[in-house]
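# Coordinates in review
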Amino acid sequence: MELFLNILSGVLIILSVLPFSKNQHWIFRVPEFMKIQLLVLQVIVLGLSIFFIEKTIWFWVINTIQSVLIVYHLYILIRYTKFYRRKRVVKKSSSSETVKVISANVYQFNKDFEKFQKLILEHEPDIFITMESNSAWENANRILEKDYPYTQKMTLDNTYGMHLYSKIPFLKAEIHFFVADDLPSIEVYLQTSDGYDFVIFAVHPPPPSPTEEKTSKERDGDLLCVAKKVQKNNLPSMVIGDFNTVAWSETSILFRKTSKLIDARVGRGILATFHAKYWFFRVPLDLLFHSPEIFVVKLETLGYIGSDHFPILCEFQVNHRDKQQEKDVKILDTEEAEEVQELIGEGKKEQSDNR
């Protein structure tokens, strides 16, 4: 028992420390997804160690490190719980009507089209976005187009297809390929019926993993290109989708600072969306960031649709800039700005090297 606990403690410490490296290989990046699981396991192992391990110098060294890491994980994660104190933004009389959007990674090989369609009919969003939607998903969802006549589609069979459907007419719509010609992002300009303009960006970069991209270079480059595009935009903006990273990762922090957007999860809950079938391994990969002119009324995960992701639903209103929300906007320092440019360059170079 003692040997097992010592080995497990060492593994948990290593996994907790690996993400501090800026190395983009998946070995260093995947553990940052696991912060919740690491915290739970470290608390359990620490408790068991007190009862089952002899109190030698190594016991105190290992468990002091373990305790420091537990405090660190708690410090990071507390922001993404409802225990975190954040000032409630009060709806103003000048706010727009409420807009409802659903974002769902439907999983390309999921054939339960009807389950997803029932979810859309039940919640009646103004806009919904599908990721990993191939030609089969496009054909199946044509039944919804009578209610959602405005569409922007990029049908791909490489698990990076993306479709956006809207009841609200587009003022303008574009598809971007920032770092690779098979990794789309969608940008649409819309206006509420009461006259408020806003922009939605839908994203789905590739994850670093042993089975897909060996590094996070394409993911990081793609997301940071989107962030720079958003930052140049003067309209109220929202970025939503399967980011294939977590809100507390270094990539997400750089994205938030570059785009000058606000992380909608802060103070609202972890809202883990992946993996839908294995509760202990769930992490929040489907994220949402918004500008200070957008006021999130509701953010929640929805039910199982046969995918490995749960969909997310957001209800929001558009208004003028708000001083209270502007305080949540953070900006890059000089060193971070240089890192962003470097990561974008590496993302583009990675794609070019893989051709």
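Residues numbered from 1 in each chain as written. Predicted model: local features only at pLDDT ≥ 70, side-chain atom pairs only at ≥ 80, totals over all residues. Heavy atoms only, no water.

### Re the packing of aromatic side chains
- In total, this model carries 16 aromatic pairs according to the counting rule given.
- Between the aromatic rings of Phe113 and Trp137, the centroid separation amounts to 4.7 Å while the plane-to-plane angle is 85°, which identifies the pairing as edge-to-face. Remark: Trp137 occurs in helix 6 (residues 135-140) and Phe113 occurs in helix 5 (residues 113-123); sequence separation between them is 24 residues. For the pair shown, Phe113 and Trp137 are each scored as buried.
- With centroids separated by 5.8 Å and ring planes inclined at 80°, the aromatic side chains of Phe280 and Phe281 adopt a geometry described as edge-to-face.
- What makes Phe280 partly exposed here is its relative accessible area of 27%.
- Through a chain of ring-to-ring contacts, the aromatic side chains of Phe113, Phe116, Phe128, Trp137, Tyr148 and Tyr165 assemble into a single cluster.
- A cation sits over an aromatic face here: Lys55 above Phe59, 5.2 Å from the ring centre.
- Just above the ring of Tyr189 sits the side chain of Lys172; from NZ or CZ to the centre is 4.5 Å. (Phe/Tyr/Trp six-rings, centres within 6.5 Å; stacked < 30°, edge-to-face > 60°. Helix = DSSP H or I, 4+ residues; strand = E, 2+ residues; numbered from the N terminus. Buried < 20%, exposed > 50% of the residue type's maximum accessible area, 1.4 Å probe, protein only. Lys NZ or Arg CZ within 6 Å of the ring centre and 35° of its normal.)

### Side note on the pattern of salt bridges
- In the structure shown here, the tally under the stated rule is 15 salt bridges.
- The partner of Lys118 in a salt bridge is Glu114, with the nearest N and O atoms 3.5 Å apart. Taken together, the residues Lys118 and Glu114, both in helix 5 and four residues apart, mark about one turn of the helix.
- For Glu114, a relative accessible area of 49% corresponds to the partly exposed category. (Salt bridge = Lys/Arg side-chain N within 4 Å of Asp/Glu carboxyl O.)

Just distances and angles here, no functional claims.
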